[in-house]
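Descriptive structure summary
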Amino acid sequence: MAVRIQVLGSLRVWLAGAEVDLGPPGRRAVLGLLVLAGGEAMSKQELLDALWGERPPRSAVNVLQTHVKHLRRLLEPGRPARSGSEILPHVGGGYAVRWDAVEIDLPHVRGLVAEANDAQRDGETGRAAALFGEALRWWRGRPLADIPLLSTHPKVLALIAERRALLARYGDAMLAIGAADEVLADLAEAAADQPLDEPAQARLIRAYHATGQRATAFRLYQEVRERLVEELGVEPGPELAAAHAALLEDGEPIPGPRSAVRVPRQLPAEPSGFTGRAAELSILDQLVPSAGSSGGAVALVAVTGPAVSTRSNSRPWRRTSSSRKSRN
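The structure presented is a predicted model; accordingly, all values stated were derived computationally and were not measured. (Residues numbered from 1 in each chain as written. Predicted model: local features only at pLDDT ≥ 70, side-chain atom pairs only at ≥ 80, totals over all residues. Heavy atoms only, no water.)

When helices and strands are counted, the protein shows twelve helices and seven strands. Each of the 328 residues in the protein was classed as buried or not, and the buried ones make up 35%. Counting only contacts in the protein whose residues sit at least 6 apart along the sequence, the fraction spanning at least 24 positions is 60%. (Helix = DSSP H or I, 4+ residues; strand = E, 2+ residues; numbered from the N terminus. Buried < 20%, exposed > 50% of the residue type's maximum accessible area, 1.4 Å probe, protein only. Contact = heavy atoms within 4.5 Å.)

Here you go:
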């Protein structure tokens, strides 16, 4: 009986057209991992690490074997007892899901992408765009979305990056054939998901421009530029700059809201010295010992008022008078 497996979204399995209840999350995780392995075997240790990390329970191996046993019964209900599994065989101390024995959405999508790449190389951009779009429609959400245990697994993250690359290729092809309005929503979602990804933001700016939303495109460019400067300390790269230049070729920039003036975060300049009070200054001069003198009581002078930081002058109150002399 034909078995169909979906991993591009929640994990789902159909047997002869009827959906199969896979059971608890752990069992679903085992099947999901084996499917994402691409037909290659995974060792028991790799599966244990993915399921329990560095602290597996003592019963971990038995639990894993039980999950595999139940999965075999679900996927091959008519298999004779004690016979080898055609779909989930034991391979070299581990397990594998044979891609050639089941129908899986992932290899089908990759086949469509390969066809689209061939069409693009042949200059058939319209056909490439259609194939990229068909491949995207096979995605039903985040890979293995119903298995939180695997949300940060490297194979899941790699698939997320693979979909982003596919959407980028689709967006570029649709823009090239003048169908920006059909892909605008997808590009806006991708840009919102990757606020610091310059190619994704540039692609959305080009889409707004192509659909006549020039003001929105300018506003987005300014927002992205400010974000890059604030968070990464860099100016827009070549792709964003090119998208902005294309906007400018259509006319002058559309005025937007003025950015708030940034006030430097620094202390005020150090005061040059005291002013006035000649009598008081004379008394202070008399209290300070002359150069080379030693012994006697130490004179302490307390000057009240705003605090002044001085770094080199032993008589800061004389700065004003000395500076006046230098100017005269």
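From this point on, the discussion continues.
Turning our eyes to something else, we now look at the sheet that holds strand E6 (residues 94–95). With antiparallel pairing, three strands are arranged side by side in an open sheet as E4-E6-E5. In the strand order of this sheet, the two ends are held by strand E4 (42–43) and strand E5 (90–91), each with one partner. Here two bridges tie E5 to E6, and the two strands are oriented antiparallel to one another. From the neighbouring strand, His 90 faces E6, where its bridge partner is Tyr 95. (Pairing = 2+ DSSP bridges.)

This part is about the packing of helix H6 (residues 154–176) against helix H8 (residues 198–210). Across the interface, H6 lies against H8 with an axial gap of 11 Å and an inter-helix angle of 25°. It follows from the interaxial angle that H6 and H8 lie roughly parallel. By crossing handedness, the relation of H6 to H8 is classed as left-handed. Of the residues in H8, those in contact with Ala 168, Gly 171, Asp 172 and Leu 175 of H6 are Arg 203, Arg 206 and Ala 207. (Axes fitted to C-alpha atoms, helices over the stretch in contact; angles between N-to-C directions. Parallel < 35°, antiparallel > 145°, perpendicular 65-115°, else oblique. Left-handed = near helix turned anticlockwise from the far one by under 90°.)

Turning our attention to the environment of Trp 99. When you line up the elements, Trp 99 lands in the loop between E6 and strand E7 (103–104). Placed 62 residues apart in sequence, Trp 99 and Ala 37 show a C-alpha to C-alpha distance of 9.6 Å.

The next point concerns a nonpolar patch on the surface. A cluster of nonpolar side chains, contributed by Leu 196, Leu 232 and Val 234, occupies part of the molecular surface with about 220 Å² of accessible area. Here Leu 196 lies in the loop between helix H7 (180–193) and H8. (Patch = residues over 30% accessible without salt bridge, like charges linked within 9 Å, V, L, I, M, F, W, Y side chains within 5 Å. Areas by Shrake-Rupley, 256 points an atom, 1.4 Å probe, with all protein chains shown as cover. Salt bridge = Lys/Arg side-chain N within 4 Å of Asp/Glu carboxyl O.)

Here Asp 105 shows up in helix H4 (residues 105–121). No salt bridge is formed by the buried Asp 105, whose closest oppositely charged neighbour, Arg 140, lies at an N-O distance of 7.1 Å. At 3.1 Å, the side chain of Asp 105 forms a polar contact with the backbone nitrogen of Leu 8. Once residues within four sequence positions are removed from consideration, Asp 105 is found in contact with Ile 5, Gln 6, Val 7, Leu 8 and Trp 138. (Lys, Arg positive; Asp, Glu negative; His and termini not counted. Polar contact = N/O pair within 3.5 Å; in protein donor to acceptor, adjacent residues only side chain to side chain.)

A few words now on helix H1 (residues 25–36). With twelve residues, H1 extends 16 Å between its outermost C-alpha atoms, agreeing within 8% with the 16 Å of an ideal straight helix rising 1.5 Å per residue. Taking burial as the measure, the twelve residues of H1 include ten buried ones, the bulk of the element. Considered for burial, the residues of H1 that qualify are Arg 27, Arg 28, Ala 29, Val 30, Leu 31, Gly 32, Leu 33, Leu 34, Val 35 and Leu 36. Two residues or fewer past H1, Gly 38 is found with a positive phi of approximately 70°. (Expected span 1.5 Å × (residues − 1).)

Quick look at the sheet that holds strand E3 (residues 18–19) now. Spatially, four strands are ordered E3-E2-E1-E7 in an open sheet, and the strand pairing comes out mixed. Only two strands of the sheet have a single neighbouring strand rather than two, namely E3 and E7. Relative to E7, strand E1 (residues 3–6) is paired through two bridges, and the arrangement is parallel. Within E7, the residue paired with Arg 4 across the bridge is Glu 103.

Counted according to the given criterion, the structure contains twelve salt bridges. A salt bridge links Glu 19 to Arg 12; the shortest N-O distance between them is 2.8 Å. Using a relative accessible area of 45% as the deciding quantity, one classes Glu 19 as partly exposed. A salt bridge links Asp 100 to Arg 98; the nearest nitrogen and oxygen atoms lie 3.1 Å apart. Given the relative accessible area of 29%, Arg 98 is considered partly exposed.

For the pair H7 and H8, the least separation of the axes is 9 Å and the interaxial angle reads 150°. Of the possible angle classes, the one that applies to H7 and H8 is roughly antiparallel. In the packing of H7 onto H8, the handedness of the crossing is left-handed. From H7, Ala 180, Leu 184, Leu 187, Ala 188 and Ala 191 reach across to H8, where they touch Ala 200, Gln 201, Arg 203, Leu 204, Ala 207, Tyr 208 and Ala 210. Residue classes in the contact of H7 with H8 are distributed as ten nonpolar, one polar and one charged. (Nonpolar A, V, L, I, M, F, W, Y, C, P; charged D, E, K, R; others polar.)

Attention now goes to the packing of aromatic side chains. Following the criterion strictly, the structure yields zero aromatic pairs and no others. Seen from the ring of Trp 14, Arg 4 lies directly overhead, with NZ or CZ sitting 4.1 Å from the centre. (Phe/Tyr/Trp six-rings, centres within 6.5 Å; stacked < 30°, edge-to-face > 60°. Lys NZ or Arg CZ within 6 Å of the ring centre and 35° of its normal.)

Excluding glycine, most residues fall at negative phi; most peptide bonds, likewise, are trans. Non-glycine residue Ala 16 carries a positive phi angle of around 55°. Along the chain, the position of Ala 16 falls in the loop between strand E2 (12–15) and E3. The phi angle at Leu 144 is positive, at roughly 50°, despite the residue not being glycine. Looking at the secondary structure, you find Leu 144 in the loop between helix H5 (125–137) and H6. Classification of Leu 144 by relative accessible area gives buried; the value is 3%.

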